[in-house]
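In case you want the letters, here they are:
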Amino acid sequence: MVAAVAFESLVKLVAFLAVGLFVTFGMYDGLGDLFSRAAAEPILRAMMTPFDGSMSLTLKGTKEKPITIKAAGDGEVIFDGDGNHSMFDVVASRYHIFEGITIRNTDVGIFAGQKEVIGAVGLTVKNCRFENIGFGVWTEYAGSSDFYIADNLFLGRDDRFRLIGWTGPLWASAGAYGSHQLTSYYAVKLYGPGHVIAHNAIAYFHDALGISTYGTPPSDPDQRASSIDIYNNDFHMFNDDFVETDGGVHNVRVFNNRGINAAQGGYSSQPVFGGPIYFYRNLLYNVPTGVALKFSAKPAGLYVFHNTFIAEQTVKDPYSNAHFRNNLFLGRDTPDRPVFRFSNGTNYSTYDYNGYRPNPKSQVQFQWSAPQSAQQRFNSLKALQTATGQERHGLEVDYDIFQNLRPPDASKPYAIYDATQLDFRLAPQSKAIDAGTVIPNVNANFTGKAPDLGAYEYGAPVSALTFNDSRIILTLHRELGVTLAPALEHFAIQNSVVAGRLTNILLERPMGSRDLRLSGTLSRDRWSEW
């Protein structure tokens, strides 16, 4: 019996070797020819087969001819780590593309760089799904550059039912549930220049996106965390922050993001080294600590424009050279908590044209600190204006500036909120309309006499992220036409519905587009149902 099994194994080995030799030397002119042809057509189309294990990818593509791992299109392609540490190690790669695949059950989905050792360049990850992971995409290498991480879904392992942060001597008590267990850290954490992180949906991590804090930036400008764009991402439920620009140096832009439910802070610069770091047209809702902007560890060079923050700003650490315009800060009525603390490390930070909601449960509404002056407290915006000369055009506002938005419940710090039920659009008679100032290259497309306060300009198209909030009613007519209510002048309607045996109607708004596209087929005998 043993001899028979051994003989069978030998036969299989010889057969496999024969096939390999035939492919290598019969179909191709040796290994060199095989690899050169692969480089000339570097697309691996993964089939619909689960895979578990770890892979190290070291081949070098180019900008013109990247190496692509792409779903074949015949169904979901799953790379299942089965609890392993890392699925893909690409630290030695250049210009790889991952597209349309699922990575799950692993601590690190794509490991792309180790600090001061080696890291990937030109990595693209798009239209992928990450689930039950500790990290999604991660590099700490300063030479990693030009990553494009877009249109992905990242689902971590952290608590999905309670918002739980830190506890300890540096933080307020986490209360009955204690500190959260750190089972998922970042969906995306990067260092180096030239990265784009856009149009991702992220949930259930410690932090959603972050620049590696790293330490003192390298002396080589081409290895610093600069020229990075983070935009149009949707964040839901984190134990710490939505976006961390911590460790950023120059020209980092964070814009058009929506963040709902973060236990410790919203958008962070802890610290940044000189800037400029831009935060504009971002949404924030439900940060129980009152830290809308984690401007800690003495950051410098901050520009904060046109954000809607449903949270207070109470950070004590001083920041320098910061400029706030056209923002909205509305708190959650936490007892004895001011709505804004101006923690100036320099005398040339500026604040104007912002809207604040006074906290009816706090006697002090604003706190002011600056070099060579004692800390001051004010019970009204007018008192702040008179004493400091700042916010000469600032406004006190309330929740009636919105069409339909209420604050989070301050008595329930563990509660979570559904983004689709939150409407951040301004009401028609809102005090925030036309109350802003023009900012070059930021708000030139305002629709009224002046720009509005907050992330959304009244009457302008909302982000594709919040399309569901627009309450658009689609009506199909017998003439195979379509109307929208309310009428939206910013959208073009393309009628391409035709009569047929099937009923399959699709209303689509591509990311970044102002077009609503209607397509599909409709059976004539189904008109009565519409």
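This section reports on the structure supplied with the text. (Residues numbered from 1 in each chain as written. Predicted model: local features only at pLDDT ≥ 70, side-chain atom pairs only at ≥ 80, totals over all residues. Heavy atoms only, no water.)

When helices and strands are counted, the protein shows three helices and 41 strands. Taking all 530 residues of the protein together, the buried fraction comes to 51%. Partitioning the intrachain contacts of the protein with sequence separation of at least 6 by distance along the chain shows that 67% fall at a separation of at least 24. For the protein, the exposed area adds up to about 24,300 Å²; of that, 54% sits on carbon and sulfur atoms. (Helix = DSSP H or I, 4+ residues; strand = E, 2+ residues; numbered from the N terminus. Buried < 20%, exposed > 50% of the residue type's maximum accessible area, 1.4 Å probe, protein only. Contact = heavy atoms within 4.5 Å. Areas by Shrake-Rupley, 256 points an atom, 1.4 Å probe, with all protein chains shown as cover.)

We now examine the environment of Gly210. Topologically, Gly210 is positioned in strand β15 (residues 207-211). With a relative accessible area of 4%, Gly210 lands in the buried category. As for Gly210 and Lys189, which are separated by 21 residues in sequence, their C-alpha atoms are 4.7 Å apart. Residues within four places of Gly210 in sequence aside, it is in contact with Tyr186, Val188, Lys189, Leu190 and Glu244.

Next up on the list: the nonpolar core. Counting 74 residues, the largest nonpolar core has Phe88, Phe98, Ile110, Phe154, Phe324 and Phe340 as the members making the most contacts within it. Setting aside residues up to four positions removed in sequence, Phe154 forms contacts with Phe130, Ile133, Gly136, Val137, Ile149, Ala187, Val188, Asn200, Ala201, Ile202, Ala203 and Phe205. If you look at the next biggest cluster of nonpolar residues, it comprises 23 residues, including Leu283, Tyr285, Ile401 and Leu405. (Core = buried A, V, L, I, M, F, W, Y, C linked by side-chain atoms within 4.5 Å.)

Next up on the list: the sheet that holds strand β29 (residues 340-343). Taken together, the three strands give an open sheet; going across it, the order is β29-β32-β33, and neighbouring strands pair in mixed fashion. What marks the edges here is a single partner per strand, and that holds for β29 and β33 (376-378). With strand direction ignored, the average angle separating the axes of adjacent strands in the sheet is 15°. Each of β29, β32 (366-369) and β33 touches helix α3 (residues 381-388); the most contacted strand, β33, lies at about 145° to it. (Pairing = 2+ DSSP bridges. Axes fitted to C-alpha atoms, helices over the stretch in contact; angles between N-to-C directions.)

It helps to recall that an α-helix has 3.6 residues per turn; residues three or four apart then point in one direction. Inspection of α3 places Leu381, Leu384 and Gln385 among the buried residues, and these make up the whole buried set. Across the axial projection of α3, the buried residues extend over an arc of 100°, all falling on one side. Set apart from the buried face of α3 by more than 90 degrees, the exposed residues are Lys382 and Thr386. Looking at the buried residues of α3, the elements they touch are β29, β31 (355-357), β32, β33 and β34 (395-396). Two residues or fewer after α3 comes Gly389, characterised by a positive phi angle close to 80°. (Arc of directions from axis to C-beta.)

Before going further, it helps to examine the environment of Arg341. Along the chain, Arg341 falls in strand β29. Along the backbone, Arg341 and Lys316 are 25 residues apart, and their C-alpha atoms lie at a distance of 7.2 Å. Here Arg341 is in contact with Gln313, Thr314, Val315, Lys316, Tyr319, Gln367 and Gln375, once residues within four sequence places are set aside. Within the local environment of Arg341, its side chain forms a polar contact with the side chain of Gln367, the two groups lying 3.4 Å apart. (Polar contact = N/O pair within 3.5 Å; in protein donor to acceptor, adjacent residues only side chain to side chain.)

Considering all chains together, one arrives at 40 aromatic pairs under this definition. Considering the side-chain rings of Phe135 and Trp138, the 3.9 Å spacing of their centres and the 5° angle between planes classify their relative orientation as stacked. When the ring of Phe242 is compared with that of Tyr267, the centres are 5.8 Å apart and the planes differ by 50°; the resulting orientation is tilted. A residue pair is termed long-range when its members are at least 10 positions apart, and Phe242 in the loop between β17 (234-238) and β18 (243-244) and Tyr267 in strand β21 (residues 267-268) qualify at 25 residues. Neither residue differs from the other here; Phe242 and Tyr267 are each classed as buried. Across from the ring centre of Tyr214, 4.3 Å away, lies the NZ or CZ of Lys115, which sits over that ring. (Phe/Tyr/Trp six-rings, centres within 6.5 Å; stacked < 30°, edge-to-face > 60°. Lys NZ or Arg CZ within 6 Å of the ring centre and 35° of its normal.)

Turning our eyes to something else, we now look at the environment of Ser144. Note on placement: Ser144 falls in the loop between β9 (129-139) and β10 (148-150). In this structure Ser144 comes out as buried when scored by relative accessible area, which is 0%. Residues Ser144 and Ile118 lie 26 residues apart in sequence; the distance between their C-alpha atoms is 8.2 Å. Look past the residues within four positions of Ser144 in its chain and what remains in contact with it is Ala112, Gly119, Ala120, Thr139, Tyr191, Gly192, Pro193 and His195.

The next point concerns the pattern of salt bridges. Enumeration over the complete set of coordinates arrives at 13 salt bridges. The partner of Asp107 in a salt bridge is Arg157, with the nearest N and O atoms 3.1 Å apart. With a gap of 50 residues between them, Asp107 in strand β6 (residues 102-114) and Arg157 in the loop between β11 (153-155) and β12 (186-190) connect regions that are remote in the sequence. Note on Asp107: relative accessible area 31%, which makes it partly exposed. Judged by relative accessible area, which is 29%, Arg157 ranks as partly exposed. Taking the shortest distance from any N to any O, the salt bridge between Lys294 and Asp241 comes out at 3.0 Å. In this pair, Lys294 sits in strand β24 (residues 293-294) while Asp241 sits in the loop between β17 and β18, placing the two residues 53 residues apart along the sequence. Take Lys294 and Asp241: they sit in the same class, and that class is buried. It is possible to trace a salt-bridge network through shared partners that takes in Asp240, Asp241 and Lys294. (Salt bridge = Lys/Arg side-chain N within 4 Å of Asp/Glu carboxyl O.)

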